[in-house]
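Chains, contacts and geometry: an overview
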Amino acid sequence: MNRYFKAKIRENLPLNNSNNLLITEPLDPVTEPKPGQFYMITVGNSYDPLLKRPFSYLRTTPDTIQFLFTVRGRGTALMKALRKGSVVDIIGPLGTGYPLPGTRCTPVVVAGGTGIISLFSLIETLTRRFHVLYGAKNRDDLLLLHELERLGNKLVVCTDDCSFGKEGMVDAVLRELLADHESLSTSCTLYACGPKPMLKAVSGIAAERGLRGYMSLEENMACGFGACLGCAVKTIRGYQRVCREGPVFPIRDIVWEQDY
Amino acid sequence: MDLTVHIGRLPLKNPVMTASGTFGYGEEYAEFVDLNLLGAVVVKGISLNPKEGNPSPRICETPCGMMNAIGLQNVGLKKFLKEKLPYLRQFDTRVVVNILGNTIQEYVRLAKALDGAGVDAIELNVSCPNVKKGGILFGTDLRALARLVTRVKQSVSSTVLITKLSPNVSSIPGFAKAAEDAGSDALSLINTIPAMAINIETWKPKLANVTGGLSGPAIRPVAVRMVWEASRAVSIPVIGVGGIMHADDAIEFMLAGASAIQIGTGNFLNPGATAQAVSGIVTYLERKGISNIREIIGRVDGTAPHNNTDD
Ligand SMILES: Cc1cc2nc3c(=O)[nH]c(=O)nc-3n(C[C@H](O)[C@H](O)[C@H](O)COP(=O)(O)OP(=O)(O)OC[C@H]3O[C@@H](n4cnc5c(N)ncnc54)[C@H](O)[C@@H]3O)c2cc1C
Ligand SMILES: Cc1cc2nc3c(=O)[nH]c(=O)nc-3n(C[C@H](O)[C@H](O)[C@H](O)COP(=O)(O)O)c2cc1C
Ligand code: FES
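Remember, it's a predicted structure, so these values are computed and weren't measured experimentally. (Residues numbered from 1 in each chain as written. Chains lettered and ligands numbered in written order. Predicted model: local features only at pLDDT ≥ 70, side-chain atom pairs only at ≥ 80, totals over all residues. Heavy atoms only, no water.)

Our focus in this paragraph is the overall build of chain B. Looking only at helices and strands, one finds 9 helices and 16 strands in chain B. Computed over C-alpha atoms, the radius of gyration of chain B comes to 18 Å, within 12% of the 19 Å expected from 2.2 N^0.38 for 311 residues, which places it in the range of a compact globule. Each of the three principal axes of chain B carries a C-alpha extent, and together these read 55 × 50 × 40 Å. Counting all 311 residues of chain B, 60% fall into the buried class. When contacts within chain B are restricted to residue pairs at least 6 apart in sequence, those whose partners lie at least 24 apart make up 71%. A total accessible area of about 12000 Å² is found for chain B, and carbon and sulfur atoms account for 53% of it. Across chain B, 30 positive and 27 negative side-chain charges occur, with their mean positions spaced 9 Å apart. (Helix = DSSP H or I, 4+ residues; strand = E, 2+ residues; numbered from the N terminus. Rg over C-alpha atoms; globule rule 2.2 N^0.38 Å. Buried < 20%, exposed > 50% of the residue type's maximum accessible area, 1.4 Å probe, protein only. Contact = heavy atoms within 4.5 Å. Areas by Shrake-Rupley, 256 points an atom, 1.4 Å probe, with all protein chains shown as cover. Lys, Arg positive; Asp, Glu negative; His and termini not counted. Charge placed at Lys NZ, Arg CZ, Asp CG, Glu CD.)

Below is the structure:
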């Protein structure tokens, strides 16, 4: 099985102005990923931009690996222009995944923005009743809503500008949920992925209430497989690599150094 | 086809080495490259005690390059000898250990410990731009460099000594000569170039450390020039580093005067880059009808066989 392979673009479908679904077809036999793992993808065919970009996988089928990406900067703008039939280099699956919840725990999934993509593969594998709290800037930024509704669990959506769902930030929604469901405080496992300020807030809530759980972090990456030490974050065990020891870390392990 | 080159007394089966800090301790790449195919593996810079490194963000991208401010995070000498070196020793490749100290005594202690442990060569890192003490100081002060190299050379018996020069000096031949005169068996250059990038939305530097070292194709012409200048100033072998992505780039460095080359940032884009460079070099030599790679070293003289059409 290869973790460095070429893949053909089968589809690159715009979902809205800034998000695309990228369906790739590996040209070699590849390793099956676990929820929370990611891939490094070549975004262009020149040295500018130079580095591959990290992306969570959305789902796999027997012959495809699918990604959902948001156009943020130059690299992702080039990815949006990738044509059907072109071939890209990919490294992966990389990193650790999300550990599954214990048998008596209720999963509470907290997603901010594109964080939902990393969590989606986890949600699809959960067999027990779970809660999904999902926040985005506005209605246009909400991804995968139909799929999340189809999965039929407790879903609360919020937007910063109130253009859809509840108004406000997803950490406030988490506080409300915990206040309304006393039992969750002792029996839930949190799963979080999103922008750093949101993750920091979720860490704070988890610390106050003694909750357990995991969060997936993002950091700039050069290699993605543990060689450059570029993606390190501070943890209670010193600096650890997001691409290797992470991207999923126990919430309690993260040391928040800066204000975000 | 003879691909053998020499770093002082040390023969390498081919000129392709890895650049320190970009290849971990080898094991990170074992699934992507057969380490037996490489001339040498140069490991991440080792210090006496483990180092934590700098806060994040530690890397950012620049046009055709990247900047890093890792801060020399490493496992330290003890753990390296116990856990990392035995792994590398399983392979039929040379092991070069890049070392870093704050004082001459620290370099000497590291060199002595490694000399006895059976590594093939020691590469003195006197050019890291990302630490405040030591490092770059030795690389940018002629007398400090000479003293350091002399002392380290006296403290090793069999291990080949490579001095990795800093590009952050006004005259590279002077530093090359100083290292040679002090007893260095070979030189490697260049290390990353001190650089800075700013996010215009937040008005903050892109790296937590504010400045970092630039690497990748963006620095290649600078590195080629420095290798050319240094190799003309000394008679010890020079190892070329900087922006080498594949065989063609490696050959450019050898024509400029390099006896061997190191691939750094190129490994991040293509973890199989080193092995592919070896096979690309073979293809090139075959195309040119050359049977011994040493024939191309320093041949920037316009006498290429089977003249290319693009001259
Ligand atoms: C493990 C992991 C999984 C990811 N999964 C996904 C995913 O499934 N879908 C998706 O759309 N994005 C995902 N990302 C984020 C994605 O990697 C970045 O959006 C992308 O690298 C930006 O590249 P660019 O060239 O467009 O931006 P650049 O031009 O490099 O930068 C533009 C802006 O994008 C932001 N940015 C750059 N790199 C990152 C990064 N690594 N993380 C967050 N923001 C960044 C910065 O704010 C920067 O100012 C993931 C990141 C990581 C680390
Ligand atoms: C992430 C990273 C870490 C590095 N760490 C070291 C190091 O520990 N010691 C050292 O001498 N050089 C270090 N370097 C410099 C490289 O060995 C090399 O000299 C430089 O990157 C130029 O080569 P390149 O353009 O092929 O990357 C590092 C470079 C990078 C990109
Ligand atoms: S991205 Fe290179 S070590 Fe994580």
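Residue and element names in this part refer to chain B. Of note, Ser155 is situated in helix H4 (residues 142-155). Judged by relative accessible area, which is 14%, Ser155 ranks as buried. Not counting chain neighbours up to four residues away, the residues in contact with Ser155 comprise Val108, Ala111, Lys112 and Asp115.

So, about the environment of A:Arg175. Inspection of the secondary structure assignment puts A:Arg175 in helix H4 (residues 170-180). Along the sequence, A:Arg175 and A:Ala206 sit 31 residues apart, while their C-alpha atoms lie 9.9 Å from each other.

This next bit is on the environment of B:Gly266. All names here are of chain B. Residue position: Gly266 is located in helix H8 (residues 266-269). It is 29 Å that separates the C-alpha atoms of Gly266 and Leu145, two residues lying 121 residues apart in sequence. Leaving out residues up to four positions away in the same chain, Gly266 has contacts with Ile244, Met245 and Ala273.

Residues and elements named next belong to chain B. The environment of ligand 2 is formed by 24 residues, the closest being Ser20, Lys164, Gly216, Gly243 and Thr265. The separation between an oxygen atom of ligand 2 and a polar side-chain atom of Asn98 is 2.9 Å. Here Lys164 contributes a side-chain N or O atom positioned 2.7 Å from an oxygen atom of ligand 2. If ligand 2 stood free it would expose 610 Å²; the protein chains cover 98% of that surface. The cavity where ligand 2 resides is the largest cavity. (Near = heavy atom within 4 Å. Polar contact = N/O pair within 3.5 Å; in protein donor to acceptor, adjacent residues only side chain to side chain. 1 Å grid on protein atoms, 1.4 Å probe; cavity = no way out; pocket = protein on both sides within 12 Å on 5 of 7 lines; lining within 4 Å. Sits in = over half its atoms within 2 Å of the grid points.)

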